[in-house]
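Take a look at the letters that make up each chain.
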Amino acid sequence: MSEKVLLVTESGDYLTTEAGDYIELYGYPEYSLYVDWDGDGTLDQSFNEAERLLRFTIDRGRDSVIGGSGSGFTGLEPGVMNLELDNSDRRYDPWYTAGALYGLLRPGRKIQFTYVGLGEPDDPDEVTAYTLFTGFITDIRVSGFAETVTITAEDGAGWLRARKPDIALISSTGVDTAITAILADVNYPFDTEIEGGVESLPYFWTSGGSALDEICGLAKSDLGRFAVEADGTAHFLGRYNSDSVAFSLTEDVIGKDIYLPMPWEYARTSVEVRAYPVEVGSTDSTIFTLRDKPLVSASTSIELWADYNFEDVDVPADAVSVGSYTANTAEDGTGSDITSDVTVTLTAYSRRAKLVIANANIADGYITTLVLKGTPIKTNDVVSVKVSSTDAYALPSEFVFDYGWLSDTNTAATFAAVLLNFLSAGHAYPTLTVYNFPMYAFRFELEQRVRVRLDTYGIDETFFVHKISHKSGASPHEVITTVQFYPMLVSNQNIYLILDDADYGKLDTAKLGF
């Protein structure tokens, strides 16, 4: 780690300047690259590969916040880190049996990249540690000719994208509860920070998509934000998040390398918000009927999965149970009735159920009938609220807010008005580049509030960070960092007070994050 050093003479006296101040030296900035090569789940100094680091790139976040015309908000993408390391001794060659890491080199190993240097802008003498990336190795590519290796890793968003959650139906909840349940179901391996949601969900069910898509859809439906931070923390920032500005940026730090899209690039002339009112069906409805006759051999069991269906529509369902079943020794239903020797164990999820069918009879048997009962949840009658502006800062273009979890039409109308008020105007979405200035470059975090003052463009606003990219040059200590920002969503509604309970309230300043 970098250290402050005081110079001393051979006799042990401290060297000072003419003014009597101690003469101080500092250790050079230092990277650490920890890899859990032995798979024990810990990142420690047993495997620090930083001394072999030649160059690196890191990309985290999303390329834009507003999608193309006809779409809505974009979702978080997996962060990716590429590392080029010296492999002259074939340390990272999985085919080299004499290598120090032979047998340990494989995808899925946990990895963390950090930097320690002199670093806080308000205290340049302070030694500061920054975490730049935390995730899992996805690939190891050896270049024998160049005697190097390229290690690729993805962050926690990649972990979420690679897994599909399957949870039980949740009722009368907020998006925060649903997000927490998803993270738990996929055994998210890093920390979580989940703030409270605002809108109430009558029901939540998983749709069969990835955990990342499910979480991002929930966050966007509540006008909240979701990010995976550099240390791996999965962070849902609620609509009324009140984090203060982390720091300010001015042109004397970032120079003149500034990109501003044209003001109409992300403007829209119309907004459509879709609501999905929930209809709860009758209890004890038939939601699955077995149409085949599976064989269950004597003294064995089989596992089947049953998708819920009501009136020829796939649906989620509540209070699911086994309605009835029969088992016979002949497939056509004749032979001996062995129903009493067959058990069906049901584990209900939101849109399907796992069935473990065990046959305790000494004879093989067929499941000749099986019916599941439950309460179907239907969202077939979608309501759209459309608003438009003749004074928008763009050619005809549409923003579509469609995430499946907004169920109240009145809320949809409010969202549509707020979104149109914002999107019909021309806003700044600056992209800034920082050159070889780690005290600034490495302190950015996704969805962080940053005040940006660009006197050249007359901009002095608070923005959120949506993309961070680091790229090293001839050495790992020469780093170009590009940061992309988006403006806060400003409501045109009146200021009002939201009381969470009798003692505490939350003041809405009419500024919403998305």
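Just above sits the structure.
Residues numbered from 1 in each chain as written. Predicted model: local features only at pLDDT ≥ 70, side-chain atom pairs only at ≥ 80, totals over all residues. Heavy atoms only, no water.

> It is not clear to me how helix 3 (residues 211-221) should be interpreted in this structure. Could you clarify?
Within an α-helix, residues lying three or four positions from one another point in the same direction, as the helix has 3.6 residues per turn. Along helix 3, 10 of the 11 residues are buried, which leaves the element largely enclosed by surrounding structure. Within helix 3 the residues assigned to the buried category are Ala-211, Leu-212, Glu-214, Ile-215, Cys-216, Gly-217, Leu-218, Ala-219, Lys-220 and Ser-221. One or two residues past the end of helix 3 sits Leu-223, with phi positive at roughly 55 degrees. (Buried < 20%, exposed > 50% of the residue type's maximum accessible area, 1.4 Å probe, protein only. Helix = DSSP H or I, 4+ residues; strand = E, 2+ residues; numbered from the N terminus.)

> Sorry, what's going on with the environment of Leu-260 here?
Along the chain, the position of Leu-260 falls in the loop between strand 15 (258-259) and strand 16 (270-275). Between the alpha carbons of Leu-260 and Gln-484 there is a distance of 9.9 Å; along the sequence they are 224 residues apart. Ignoring any residue separated from it by four or fewer positions in sequence, one finds Leu-260 in contact with Ala-428, Tyr-429, Pro-430, Tyr-457 and Ile-459. (Contact = heavy atoms within 4.5 Å.)

> Whenever I open this one, the sheet that holds strand 28 (residues 398-401) confuses me. Can you help?
By definition, the strands of a sheet pair up through backbone hydrogen bonds, in either a parallel or an antiparallel sense. The strand order across the open sheet built from three strands is 27-16-28, with neighbouring strands paired in mixed fashion. The open sheet terminates on both sides in strands that have one partner only, identified here as strand 27 (383-388) and strand 28. Sheet twist, expressed as the average angle between the axes of neighbouring strands with direction ignored, equals 15 degrees. Relative to strand 27, strand 16 runs antiparallel, the two being bridged by six bridges. When the bridges of strand 27 are listed, Arg-274 appears paired with Ser-384. In this fold helix 5 (residues 409-423) packs onto strand 16, strand 27 and strand 28, with an angle of close to 155 degrees to the strand it touches most, strand 16. (Pairing = 2+ DSSP bridges. Axes fitted to C-alpha atoms, helices over the stretch in contact; angles between N-to-C directions.)

> Sorry, what's going on with the pairing of strand 4 (residues 53-61) here?
Here strand 4 pairs with strand 5 (residues 77-86) via seven bridges, running antiparallel. Bridging across to strand 5, Phe-56 finds its partner in Leu-83. Here strand 4 runs beside strand 31 (residues 459-472); their pairing, made up of five bridges, is antiparallel. The residue of strand 31 that forms the bridge with Ile-58 is His-470.

> Help me understand the packing of helix 2 (residues 175-185) against helix 3 in this model?
Think of two packed helices as two axes; the pair is described by the angle between the axes and how far apart they sit. Contact geometry for helix 2 and helix 3: axes closest at 10 Å, N-to-C directions at 170 degrees. Considering the angle they form, helix 2 stands roughly antiparallel to helix 3. The segment helix 2 lies against helix 3, with Val-175, Ala-178, Ile-179, Ile-182 and Leu-183 engaging Ala-211, Glu-214, Ile-215, Leu-218 and Ser-221. Partitioning the contact of helix 2 with helix 3 into residue classes produces eight nonpolar, one polar and one charged. (Parallel < 35°, antiparallel > 145°, perpendicular 65-115°, else oblique. Nonpolar A, V, L, I, M, F, W, Y, C, P; charged D, E, K, R; others polar.)

> How should I be thinking about the packing of aromatic side chains in this particular structure?
Aromatic rings considered in pairs are described by the distance between their centres and by the relative angle of their planes. One pass over the full model with this rule turns up 25 aromatic pairs. Relative to Tyr-440, the ring of Phe-247 has its centre 6.3 Å away and its plane inclined at 65 degrees; by these criteria the two rings are edge-to-face. Note that Phe-247 is positioned in strand 14 (residues 247-250) and Tyr-440 in helix 6 (residues 438-441), a separation of 193 residues in sequence. Of the two residues, Phe-247 and Tyr-440, neither departs from the other in class, the shared state being buried. Measuring from centroid to centroid gives 5.2 Å for Phe-437 and Tyr-440, while their planes differ by 80 degrees, and the two rings are edge-to-face. Relative accessible area serves as the criterion here: at 26%, Phe-437 is assigned to the partly exposed category. Judged by relative accessible area, Tyr-440 falls into the buried class, the value being 12%. (Phe/Tyr/Trp six-rings, centres within 6.5 Å; stacked < 30°, edge-to-face > 60°.)

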